[in-house]
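For reference, the chains in residue letters:
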Amino acid sequence: MYPNIPSLRHTSTGNFFLIAGPCVIEDEKSPFLIAERLVEITEKLQIPFAFKASYRKANRSRIDSFTGIGDREGLEVLRAVREKFGIPVVTDIHTEADAEMAAPYVDVLQIPAFLCRQTSLLEAAAKTGLCVNIKKGQFLSPEAMVHAVDKMAWFGNRNVMLTERGTTFGYQDLVVDFRGVPLMQRNHVPVVVDITHSLQRPNQTIGVTGGNPEMIGTIARAAVAVGCDGIFMETHPDPAVAKSDGANMLRLDLAEELLTTLLKIHKATRN
């Protein structure tokens, strides 16, 4: 099942789709380098691809955390990536005003997990007419996401994706319950598994989220085997110097090998 995004390429291949990119627009150059490499890989492997980056990170633990290069500046970078490579782009929003501001620049609005029950935000996203990716709250069951889908339909937008990104396990860990994939697919929407944020270790005392990136391949293989429609991942040429979420990113030079493996699993589990 594919989301209704007109510029999403390779939708006839039957492969899972990919949403990937850096956590945030860090500067005016690196998003193009990351997008270029991801386009090369997904063109080669015939994987439908949308580029993701936040133009602003509003949900930082520490007051001195990097949040972006400026709202309009970040959105202009996203629009330029879309135009240069002919690919759809995805970005987070956090307020109703964000929905209106970001909509002209992107193809998909993404609702952060901790805001998935915010009715006014869902309404604002729905009314843009864009595809909306709603991340499942870390505090919610998969079955409860039916209410987010129903809200979107109530506001006139059925072009929705749901994304699994782990469930809170204690104070500083997440766990992925893969039963959630088929359960959320009962809503007749594409279901994505976020293979990087689901490995975060939140609420660290230093105020910077930790992660467990060596398990990215494990989560990804299980997600494809269980039948997810799409994969979400954040990637960076050097996660150690990334300005946000570097602790749980996939290193960019590992992306092709991982996606090649996932296609093999996808093929094997659907024959």
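A brief structural summary. Fair warning: this is a prediction, and the values are worked out from it, not measured in the lab.

What follows concerns the side chain of N133. By secondary structure assignment, the location of N133 is in strand β5 (residues 131–135). Judged by relative accessible area, N133 falls into the buried class, the value being 0%. Among the polar contacts made by the side chain of N133, one reaches the side chain of T163 at a distance of 2.7 Å.

A few words now on the packing of helix α1 (residues 30–45) against helix α2 (residues 71–85). Interhelical geometry of α1 versus α2 gives an angle of 35° and a closest axis separation of 10 Å. The chirality of how α1 crosses α2 is right-handed. Across the interface between the two elements, P31, F32, A35, E36 and V39 of α1 pack against V77, A80, V81, K84 and F85 of α2. Each residue belonging to the contact of α1 with α2 can be placed in one class, and the counts come to eight nonpolar, no polar and two charged.

Take the environment of F232 next. Summarising the element assignment, F232 is placed in strand β12 (residues 230–236). A C-alpha to C-alpha distance of 4.7 Å links F232 and I19, two positions 213 residues apart in sequence. Sequence-distant contacts of F232, that is, excluding residues within four places in its chain, are made with I19, K52, Q110, K135, V192, V193, D194, I195, T196 and H197.

A few words on the pattern of salt bridges. All chains considered together, the criterion is met by 16 salt bridges. With a closest N to O distance of 2.7 Å, D98 and R56 form a salt bridge. One end of the pair, D98, is in helix α3 (residues 96–102); the other, R56, is in the loop between β2 (49–52) and α2, and 42 residues separate them in sequence. Both residues of the pair, D98 and R56, count as buried. Between K136 and E164 there is a salt bridge whose closest N-O contact spans 3.9 Å. Of the two residues, K136 sits in the loop between β5 and α5 (146–154) while E164 sits in strand β6 (residues 160–164), which places them 28 residues apart along the sequence. The same class applies to K136 and to E164, which are both buried. Each of the salt bridges in this network shares a partner with another, and the network as a whole consists of R37, E40, K44 and E256.

What follows covers helix α4 (residues 119–126). Of all the positions in α4, only L121, L122, A124, A125 and A126 are classed as buried. Buried residues belonging to α4 abut α3, β4 (108–111), β5 and α5.

Turning to the pairing of strand β3 (residues 89–92), a few remarks are in order. Alternating positions in β3 separate into two faces, V89 and T91 on one and V90 and D92 on the other, with burial throughout. Across two bridges, the pairing between β2 and β3 is parallel. Considered in β3, the bridge of F51 is made with V89. Here β3 runs beside β4; their pairing, made up of three bridges, is parallel. The partner of V90 across the bridge, within β4, is V108. Chirality of the crossover, the property in question, places the unit of β3, α3 and β4 among those that are right-handed.

A covalent bond bridging the sulfur atoms of two cysteines is what the word disulfide describes. Tallied over the entire structure, the rule returns zero disulfides. Unpaired in terms of disulfides, C23 finds its nearest cysteine sulfur in C116, a separation of 18 Å. C131 forms no disulfide, and the closest cysteine sulfur to it belongs to C228, at a distance of 16 Å. Assessed through its relative accessible area of 2%, C131 is described here as buried.

Summarising the element assignment, K52 is placed in strand β2. At 3.3 Å, the side chain of K52 and the side chain of S54 are in polar contact. Polar contacts involving the side chain of K52 include one to the side chain of E234, which spans 2.8 Å. With sequence-adjacent residues up to four places away left out, K52 is seen in contact with I19, A20, G21, P22, C23, V90, D92, Q110, F232 and E234.

Reading the values: rules and limits
Residues numbered from 1 in each chain as written. Predicted model: local features only at pLDDT ≥ 70, side-chain atom pairs only at ≥ 80, totals over all residues. Heavy atoms only, no water. Helix = DSSP H or I, 4+ residues; strand = E, 2+ residues; numbered from the N terminus. Buried < 20%, exposed > 50% of the residue type's maximum accessible area, 1.4 Å probe, protein only. Polar contact = N/O pair within 3.5 Å; in protein donor to acceptor, adjacent residues only side chain to side chain. Axes fitted to C-alpha atoms, helices over the stretch in contact; angles between N-to-C directions. Left-handed = near helix turned anticlockwise from the far one by under 90°. Contact = heavy atoms within 4.5 Å. Nonpolar A, V, L, I, M, F, W, Y, C, P; charged D, E, K, R; others polar. Salt bridge = Lys/Arg side-chain N within 4 Å of Asp/Glu carboxyl O. Pairing = 2+ DSSP bridges. Right-handed = clockwise from strand over helix to strand, strands pointing away. Disulfide = S-S within 2.5 Å.

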